[in-house]
Amino acid sequence: MRNTIVAGNWKMNASKDAVKSLVNGILSGMGDVSAEVLVCAPFPYLSQVETLISGSSLMLGAQNLNVNVSGAFTGEVSAEMIKDFGAKHVIVGHSERRSLYGETSEIVAKKTKAAIDSGLTPLLCIGESLDQRESGNTEAVISEQLTTVVRLTGIEAFKNIIIAYEPVWAIGTGMTATPEQAQAVHMFIRNLLASSNQDIAEKTPILYGGSMNAGNALELISCPDIDGGLIGGAALKAEDFLQICKAG
Ligand code: PEP
C-alpha cells in the first residue's frame, strides 16, 4: 500500500505576503487531508515557510539543487543548505529545467544522487514532449530518463525517490493527460522499475503532474498506479490546492 502524496510546485511565483496567506490557507484546511502534502518554495522563501509550517504536518521542499556540497559556485544552492531550512524534498529534472537550462538526463541523475546522499527525498520528474508522444517515442524517452538515473544511483536508491510523471505537453497548458494515458505511462514506469526490483517498484510513489486541478484530481489519483500529484498552477491558490489534497 502506497501513501498518496500531493506536492505543490510554486515555480518562480512568490512574495512574502503571498506566501503567508497561501501557507496559512493550506494549514487551515489540512485537518481533513489524509494525503502527505508538501510545498516546493523558491529558495528565498524556504525560511519563511519553515517558520509558518512549524508543528504542522505540511512539509517543505525546494525546486532545484547544485550537485556540489559547497564551494565556489556563485548563485548556486546545495542540498545541505536546503536541509538547513527544514526541507525534506527537492524537485529534480523538472521539464522547465531540462528545456530552459540544458539539464540532461546525466545532470538530473547527478542531482538525484546528490539529494539522496544528503538525505533529501528527490521528486524526480520525467516526461515526454508532444512531438515525442506523437512520434510514438513516449516509452523510449521515459526509459532513457529513468534508466540514466538508475544506472548512477542504483535501484536501491529508489527506496528514497518519488517519481513524478509529467508529460511536457500537459504542464501549464490546461491539457491534462486522460486517466488512461497517464495510467498507461505510470504502469510502464513501474514495470521498468520492476525489471530491476519488484519490491521497490511496488513501493515507489509515482505522481502525475500536468494541469492537475480540483476537477480532474480524483479521477487521476484513482488510477491504480497514480499515487498523487505534482501541482503547478493550482498549487498557488489554497482552496484549489486543498481540494486536490482532499481528493488524495
Ligand atoms: C509543474 O510545473 O510541475 C506542473 C505540473 O504545472 P501545472 O500543474 O501548472 O501544469
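Per-chain numbering applies: the sequence of each chain, read as written, is numbered from 1 onward. Local features in this predicted model are restricted to residues whose pLDDT is 70 or higher, and side-chain atom pairs enter the listing and the counts only when it is 80 or higher, whereas totals over whole chains, interfaces and linings include all residues. Note that the side-chain values use all heavy atoms of the structure and ignore hydrogens as well as water.

1. A few points about the pattern of salt bridges
Pairs can form between side chains of opposite charge once their charged atoms are near each other. By salt bridge we mean one thing: a side-chain nitrogen of Lys or Arg within 4 Å of a carboxyl oxygen of Asp or Glu. A full pass over the atoms with the stated rule returns twelve salt bridges. Among the salt bridges present, the one from Asp32 reaches Lys246, with a minimum N-O distance of 3.8 Å. Of this pair, Asp32 sits in the loop between helix H1 (16–29) and strand E2 (36–40) while Lys246 sits in helix H11 (residues 238–247); the two residues are 214 residues apart in sequence, bridging distant segments of the chain. In this structure, Glu103 and Lys111 form a salt bridge, with 2.7 Å as the shortest nitrogen-oxygen distance. Taken together, the shared-partner salt bridges connect Arg2, Arg190, Asp225 and Asp227 into one network. The helix count covers DSSP runs of H or I at least four residues long, the strand count covers runs of E at least two residues long, and both are numbered beginning at the N terminus.

2. Side note on the sheet that holds strand E3 (residues 59–62)
With parallel pairing, the eight strands of this closed barrel are ordered in space as E1-E2-E3-E4-E5-E6-E7-E8. Adjacent strand axes in the sheet meet at a mean angle of 25° when their direction is disregarded. What makes two strands pair is DSSP finding at least two bridges between them. Across two bridges, strand E7 (residues 206–209) lies against strand E8 (residues 228–231) in parallel orientation. Paired with Tyr208 across the strands is Gly229, a residue of E8. Helix H7 (residues 138–153) rests against strand E5 (121–126) and strand E6 (162–165) of the sheet, and its axis sits at about 155° to E5. Here an angle of 0 to 180 degrees is reported between the N-to-C directions of two axes, which are lines fitted to C-alpha atoms, with helices fitted over the stretch in contact. Throughout, a contact is declared for two residues whenever any of their heavy atoms are within 4.5 Å.

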